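# A look at the structure
Residues per chain are reported as follows:
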Amino acid sequence: MKVDQLKKYCFALDLKDDTEKINAYIAHHKKVWPEILNSIREAGIENAEIYHTGTRLFMTIEANAQFSLEKKAKSDAENPKVQQWELLMWEYQQALPGTPSGTKWVLMDKIFDLNTN
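Reference entry: report on the structure contained in this document. (Residues numbered from 1 in each chain as written. Predicted model: local features only at pLDDT ≥ 70, side-chain atom pairs only at ≥ 80, totals over all residues. Heavy atoms only, no water.)

### Some thoughts on a nonpolar patch on the surface
There is a patch of nonpolar side chains on the surface, built from Ile 111, Phe 112 and Leu 114 and spanning about 420 Å² of accessible area. By secondary structure assignment, the location of Ile 111 is in the segment after β5 (106–107). (Patch = residues over 30% accessible without salt bridge, like charges linked within 9 Å, V, L, I, M, F, W, Y side chains within 5 Å. Areas by Shrake-Rupley, 256 points an atom, 1.4 Å probe, with all protein chains shown as cover. Salt bridge = Lys/Arg side-chain N within 4 Å of Asp/Glu carboxyl O. Helix = DSSP H or I, 4+ residues; strand = E, 2+ residues; numbered from the N terminus.)

### With respect to the pattern of salt bridges
Close approach of charged atoms lets side chains of opposite charge pair. Applying the stated rule across the entire model yields five salt bridges. Its salt-bridge partner being Lys 72, residue Asp 76 comes within 2.7 Å of it at the nearest N-O pair. Of the two residues, Asp 76 and Lys 72 are both situated in helix α3 (residues 69–77); the distance of four residues between them amounts to about one turn of the helix. Grouping residues by exposure puts Asp 76 and Lys 72 together as buried. The closest approach of N and O atoms between Glu 86 and Lys 104, which form a salt bridge, is 2.6 Å. Of the two residues, Glu 86 is situated in helix α4 (residues 80–89) and Lys 104 in the loop between β4 (93–94) and β5; the sequence distance between them amounts to 18 residues. The exposure class of Glu 86 is partly exposed, given its relative accessible area of 28%. (Buried < 20%, exposed > 50% of the residue type's maximum accessible area, 1.4 Å probe, protein only.)

Okay, structure coming up:
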């Protein structure tokens, strides 16, 4: 599938304001478990990137036509290894202000595109 046919999703989340925890979170993402990488790819995600500044995280994913946020959430909930990873990551993460209980990554709305202006 060509990159221009992929759908892009952007998410935000915060890290706990603790330098050691932030550094540990970054270190975990240099060695993501193979089962997590497989679950991402199997869902139809062709590319995923996480950026950080201070305590703020920004994640983009580019997914093929077979990808669905709902199917990915269901698959993740049924995958013990993904649940183990998510529990570990929650030691470092915290929800954005105003985020509904039980929600981690918040889907962002696109408000500007240079190529459409």
